[in-house]
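Notes for the structure review
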Amino acid sequence: MPAKRNGSSSTTKQRGRARPKAPYASLTQGPTPADRRKELEKRMRQRGLAPIADFDRYLEEVSDFWPEDETCDEFMSWLRRLRREGQS
């Protein structure tokens, strides 16, 4: 037979730990995401930049960025070699 419970429930008791007042206290500090976006857009306007309106067109404009015959491994080797040469 199961043990009889007393009147207090273990889920309602404080177990020696204080509960945080906000679930994510670190998120309550500083600017909100909306505020950060406004600041970013303001800085973009100051520099004369605008968000990408047509992403497909943008991809066409920058499609020659990476040579088709070059692998990522070749790029990484080139980058490491370049960095080693800069250290000497």
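Summarised in this report is the structure supplied together with it. (Residues numbered from 1 in each chain as written. Predicted model: local features only at pLDDT ≥ 70, side-chain atom pairs only at ≥ 80, totals over all residues. Heavy atoms only, no water.)

**A few points about the overall build of the protein**
Across its full length, the protein holds three helices and zero strands. In the protein, the succession of α and β elements from N to C terminus is α-α-α. Accessible area for the protein stands at about 9,400 Å²; split by element, carbon and sulfur atoms hold 53% of it. (Helix = DSSP H or I, 4+ residues; strand = E, 2+ residues; numbered from the N terminus. Areas by Shrake-Rupley, 256 points an atom, 1.4 Å probe, with all protein chains shown as cover.)

**Observations concerning the packing of aromatic side chains**
Tallied over the full model, the rule gives two aromatic pairs. For the ring pair F55 and Y58, a centre distance of 5.9 Å and an interplane angle of 35° mean the geometry is tilted. In this pair, F55 and Y58 are both assigned in helix α2 (residues 55-61), three residues apart and thus about one turn of the helix distant. On the accessibility criterion, F55 (49% relative accessible area) is partly exposed. Between F75 and W78 the ring centres are 5.7 Å apart and the planes differ by 35°, which places this aromatic pair in the tilted class. A residue pair is termed a helical-turn pair when its members lie 3 or 4 positions apart in one helix, as F75 and W78 do in helix α3 (residues 72-87) at three residues. (Phe/Tyr/Trp six-rings, centres within 6.5 Å; stacked < 30°, edge-to-face > 60°. Buried < 20%, exposed > 50% of the residue type's maximum accessible area, 1.4 Å probe, protein only.)

**Remarks on the pattern of salt bridges**
All told, the structure shown has three salt bridges when counted by the stated rule. A salt bridge links R43 to E39, with the shortest nitrogen-to-oxygen separation between them at 3.2 Å. Pair noted here: R43 and E39 are both in helix α1 (residues 33-47), with a separation of four residues, about one helical turn. By relative accessible area, which is 44% here, R43 ends up partly exposed. Residue E61 pairs with R57 through a salt bridge whose shortest N-O separation is 3.3 Å. Placement of the pair is E61 and R57 together in helix α2, with a separation of four residues, close to one helical turn. (Salt bridge = Lys/Arg side-chain N within 4 Å of Asp/Glu carboxyl O.)

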